[in-house]
Amino acid sequence: AEVKIRFPVEYNPDIAPGLANQEFIELIESRSNGEIEVEFYPAGSLYKGLDILQAVMRGDAEMATLVSVYWSAISPQISIFELPFAFPTHEAFYRAADDAAFMSQAFAEVEDKGALVIGTLVYDYLPVGNTERQLTMPADFSGLKLRALGRTNARTLELLGAEPVPINVTEVSGALERGVIDGLNTPADAFISYSWDETVKYVTDSPHYFAFYPWAVNKAWWEDLDEEHRAIIAEAVAEVTARHRERAKAEAGAAFEKMAAKGVKVHRLTQEQREAWVAATAVQWSEAEERFGTELLDKLRSFQQVE
Amino acid sequence: MAAVRRALDHVEDALSGALLFCGLAIVFLEIAGRSLFSASFIWSEEVSRYTLIWLTYFGVAAAVRSDSHIKVTIFIDRLPSRGRRGIEMFGCLICLAFCLFVAWYGVRLVGDSRSFGLMSADSDIPIPIWVFQMIVPLGYACISLRLLERLLHLWRAGDPDVMRGG
Amino acid sequence: MAVFLVLALFALLALGVPVAFALGTVGLATILLFDVTSLTQLAQSQFSGLDSFVLLAIPFFILAGNIMVEARMAPQLFDLMRALTRPIRGGDAVGATLSAALFGAMTGSSVASAAALGRIVIPELDRAGYPRSFSGGLLAAGGTLGIMIPPSIVFVIYGAMAQVSVTDMFKAGILPGVLVTLLLIGVTLVLAGRNRWGGQGPFSLQRMLRALGRAGPALLMPAIVLGGIYGGVFTPTEAAAISAAYGLFVAAFVYRSAGLRGFAAIFVRSAKMTASILFIVAQALFIGLLATLAGIPSGIVEAVDSLALEPWMFLLIVNLALLVLGCFLDGVTILTVVAPLLLPAVLALGIDPIHFGIILTLNIEIAAITPPIGMNLFVISGISDTRPEQVIRGVVPFVGVMLLALALVTYLPWISLAFVN
Ligand code: NA
Ligand code: NA
């Protein structure tokens, strides 16, 4: 093959984003008549976490879909995507992701440093599951030890009244069973695929955090590709990520049904409860405003309006 | 002068031992904080991980000095002392070459992380990651020095056993 | 490329280059010759390979083990066990095996167990009339219980590499550990009975209680560690930290076995032992990364697939290969180099990775006592002033029963998985 793409990801190939990656690979390999070849390394088999990011920046990997929290390690303003209730609806996120000017402004620093975001692969919201009680109002979080996803999310859980605990993903199952942690917020299908729904008794479906994967490439490599190959890749990313939105939503819905069928008490936040959660965590927005200025945040808010 | 020399002889030992103590103290504090005072230190997991990395490379340098790295000696033990010395010196040179490569590219690694402005993704530690990654060039420089020292001893003394069990 | 990797590695090892440096140099040479990744990635791996909270359990378990040796907990345990087993023929040797198992429940490494117990027990067994080759072989084999009976640094490293819960590994090791202990006791009883080795004595309650009193603080150690992990409160890394802290407390205030200077020396020694293990881990992980880039693990999956290997055939082949490799390589190298190559095939065949981890651990135990290169053989020979050939002769029957244990553990998965959900 003329072009070889080393493509490491952290998650298993059989969960929703992994399926999207594989569709993408089939598309570009067939459309390029085999001129582009992808070496896909799922499940952290090549690199994990920040290593993936550094590999893409250096060119030791050409491409990666890595959860956005890691990118805030080189560009703190990317953490605005993680602000509590930044995307109250799926459509709010789609509007942001489809606004090319906004995305390139948000990821400008990443681009300056050597990586380019050519698409966004959605995951879904992170419902909060725990073993103790149904979480409806912020007061219910009091005293709960919850595993968080990065520092912005940790701050959100803290403001809601919980105690964020740092714990390795491989130890989560044991920690839940033994009460080292009382729960965690994680995508709905993760509760199923890691069997956490067997220990977690209560899950609250809340839109406080929308997880997604910036589809990133090494910039120098990308600009070196010939026009035709670049077009094939860009089109395939656009197609696959658009098609994937429905699947991700459906997967999350199915996961909630599976959990409910297993006896997990699933609760969806009411309007009043959601407002209480928003109020409890509002200070994170003013903290972000102090750090990153108002321009990006105003833009972000503009995607939230309900038609 | 001799005192300085002696202190330098054991500097890696002391550093790695002290770092082990710090790592233990951090983890212990986190447990105590969480179970007694219901306070969790979100930085503790990360800092204790870095402590482990630092103690490892100072420990590696110390273990070169006392020649206590795990190795297979049954083949070279059968050789006459002259031949063995040659092979030990050759092995030492190989290790040294490896370490110098890693030390040099460790400098590059630190430079890259600096230019990326890489910070922790897990916690609010205000220290950039390149500071922690400094252990790669620093540690490998220490190991290289110890290897050089060993090489000189082998050259002068001629008996590989003099370096054993320090 | 794979052939080059293997040949270069064995050549460097044979030249006496330390394992970690040999692995690292092979990795470096692979990049220079085949340009599979950047040299900065080599430097990066030195950092991120060890950037793991799980691995942090290793220095703590090593520290706890060294403190126990310093606090002379080994003789206390041996006295207690001997008080219990005195009435049987071969009782002293059975007591030594039980002490090895108990010590295994307190330390995480096999060499530490063998060294600490061997120093105390072998002279006692000499006095009781056991031949040196037998007692050396027994202690070399008994020492390996240190990595099968939890806590175990092998389980910690495997957990970090295979992304399985270390707690589950600790649960999985219990029954195989008991099985190996019983088999070792079986050999001891048969040999002692047939050759009329060792004496017998009446059971003395008073003597037993006195020994129990002295060994009490030591016995609390496994209770704290394992109780803490299984029963609730701690992650394995935290349990390791607690056990080290408890050991420090007991050594300082109960046994009063070391002053400030002594404790400082223990920290330094433990840090160095940790370093020499983790240095290998970091290099092996980098080799694993190169192997992944070269498609070796997925190649193994394809080979298994095209040969239509059943899981039992795969495990048989793996066991035979590991037995051969185990004669020449040390445990950490086997664990860190071989496991990542095989894990994709293991998962593809539907073998539980925890079960596979236990099989691997038993192979590592056997590797520690098979000639020509077996760590525990050298350690026992060194501390007891016995020629290695003598220890090797004595260890043969014990290797035999451990092979039996390997067959049982391989083909009866529930021995490993009974306590794991
Ligand atoms: Na053990
Ligand atoms: Na062996």
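Residues numbered from 1 in each chain as written. Chains lettered and ligands numbered in written order. Predicted model: local features only at pLDDT ≥ 70, side-chain atom pairs only at ≥ 80, totals over all residues. Heavy atoms only, no water.

What chain C contains, in helices and strands, is 22 helices and zero strands. Computed over the C-alpha atoms, the radius of gyration of chain C is 21 Å, within 12% of the 22 Å expected from 2.2 N^0.38 for a compact globule of 421 residues. In terms of overall dimensions, chain C has C-alpha extents of about 70 × 50 × 45 Å along its principal axes. Counting the 421 residues in chain C, one finds 64% classified as buried. (Helix = DSSP H or I, 4+ residues; strand = E, 2+ residues; numbered from the N terminus. Rg over C-alpha atoms; globule rule 2.2 N^0.38 Å. Buried < 20%, exposed > 50% of the residue type's maximum accessible area, 1.4 Å probe, protein only.)

With that settled, consider the coordination of the sodium ion (ligand 2). Reference geometry at the metal: tetrahedral coordination by four donors gives ideal angles of 109.5 degrees; octahedral coordination by six donors gives 90 or 180 degrees. Residue and element names in this part refer to chain C. Around the sodium ion (ligand 2), the protein contributes the donor atoms Gly-326 (O), Ala-367 (O), Thr-370 (O), Thr-370 (OG1) and Ile-373 (O), at 2.3 to 2.7 Å from the metal centre. Binding-site remark: the sodium ion (ligand 2) is held by donors from one chain whose sequence spacing is G-x40-A-x2-T-x2-I. Its relative accessible area of 11% is what places Thr-370 among the buried residues. (Donors = N, O, S within 2.8 Å, 3.2 Å for Na, K, Ca; no water.)

Listed per partner, the contact involves 56 residues of chain C and 56 residues of chain B. Between chain C and chain B lies a buried interface of about 4900 Å² when both sides are counted; carbon and sulfur atoms form 80% of it. Per-residue buried area on chain C facing chain B is highest for Phe21(C), Phe47(C) and Lys272(C); these three make up 15% of the total on that side. For the pair chain C and chain B, the interface holds two salt bridges. Between Arg49(B) and Asp51(C) there is a salt bridge whose closest N-O contact spans 2.7 Å. The interface formed by chain C and chain B includes six residue pairs in polar contact (both at pLDDT 80 or more). Element by element, the count of residues in the side of chain C that touches chain B is highest for helix α15 (residues 260-293) of chain C, at 13 residues. (Contact = heavy atoms within 4.5 Å. Buried area = accessible area lost by both parts, 1.4 Å probe. Salt bridge = Lys/Arg side-chain N within 4 Å of Asp/Glu carboxyl O. Polar contact = N/O pair within 3.5 Å; in protein donor to acceptor, adjacent residues only side chain to side chain.)

This next bit is on the sheet that holds strand β4 (residues 115-125) of chain A. Residues and elements named next belong to chain A. In space, the three strands of this open sheet follow the order β3-β10-β4, with antiparallel pairing throughout. Each edge of the sheet is formed by a strand with only one pairing partner; in this case those strands are β3 (63-65) and β4. The mean inter-strand angle of the sheet, taken between neighbouring strand axes irrespective of direction, is 10°. Relative to strand β10 (residues 210-218), β4 is paired through eight bridges, and the arrangement is antiparallel. (Pairing = 2+ DSSP bridges. Axes fitted to C-alpha atoms, helices over the stretch in contact; angles between N-to-C directions.)

Attention now goes to the pattern of salt bridges. Applying the stated criterion across every chain yields a total of 38 salt bridges over all chains. Taking the shortest distance from any N to any O, the salt bridge between Arg268(A) and Asp205(A) comes out at 2.6 Å. With Arg268(A) in strand β11 (residues 265-268) and Asp205(A) in strand β9 (residues 202-205), the pair connects residues that are 63 residues apart, well separated along the chain. On the basis of relative accessible area, Arg268(A) is assigned to the exposed category, the value being 57%. With relative accessibility at 13%, the residue Asp205(A) sits in the buried group. Two residues, Arg150(B) and Asp67(B), come together in a salt bridge whose shortest N-O distance is 3.8 Å. Of the two residues, Arg150(B) is situated in helix α6 (residues 135-157) and Asp67(B) in the loop between α3 (44-65) and α4 (81-116); the sequence distance between them amounts to 83 residues. Each member of the pair, Arg150(B) as well as Asp67(B), carries the same accessibility label: buried. In this structure, a network of salt bridges that share partners links the residues Asp79(C), Arg82(C), Asp92(C), Glu124(C), Arg127(C) and Arg214(C).

On to the side chain of Asn376(C). Residue and element names in this part refer to chain C. Along the chain, Asn-376 falls in helix α20 (residues 375-384). Here the side chain of Asn-376 touches Ala-140 through a polar contact of 3.0 Å, landing on its backbone oxygen. Once residues within four sequence positions are removed from consideration, Asn-376 is found in contact with Ser-110, Val-111, Ala-114, Ala-140, Gly-143, Thr-144, Ala-368 and Ile-369.

Moving on to the interface of chain C and chain A. At the junction of the two partners, chain C supplies 25 residues and chain A supplies 19 residues. Counting each side, the surface lost to burial between chain C and chain A is near 1800 Å², with a carbon and sulfur contribution of 47%. Summed over the three residues of chain C that lose the most area to chain A, namely Gln44(C), Gln163(C) and Leu293(C), the buried surface amounts to 26% of that side. Here chain C is connected to chain A by zero salt bridges. Elements represented by at least two residues in the side of chain C that touches chain A include exactly α3 (39-48), α11 (166-172), α13 (205-231) and α15 of chain C. Considering every element that reaches the side of chain C that touches chain A, the biggest residue donor is α3(C), with four residues. Per-class residue counts for the side of chain C that touches chain A are 11 nonpolar, 13 polar and one charged. (Nonpolar A, V, L, I, M, F, W, Y, C, P; charged D, E, K, R; others polar.)

All names here are of chain C. The protein atoms that coordinate the sodium ion (ligand 1) are Gly-104 (O), Thr-107 (O), Gly-146 (O), Ile-149 (O) and Pro-151 (O), at distances of 2.1 to 2.3 Å. One chain supplies every donor for the sodium ion (ligand 1), spaced along it as G-x2-T-x38-G-x2-I-x1-P. Placement of the pair is Thr-107 in the loop between α6 (91-104) and α7 (110-127) and Gly-146 in helix α9 (residues 145-148), with a sequence separation of 39 residues.

Within the fold, Gly295(C) resides in the loop between α15 and α16 (296-306). It is 9.9 Å that separates the C-alpha atoms of Gly295(C) and Ala2(C), two residues lying 293 residues apart in sequence.

Residues and elements named next belong to chain A. Taken in spatial order, the six strands of this open sheet run β7-β6-β8-β5-β9-β11, and their pairing is mixed. The sheet is open, and its two edges are formed by β7 (163-165) and β11, each paired on a single side. Strand-to-strand twist across the sheet, computed as the mean angle between neighbouring axes with direction ignored, equals 25°. Bridge count between β9 and β11: four bridges; the pairing is parallel. Its bridge partner being in β11, Asp-205 is matched across the sheet by Arg-268.

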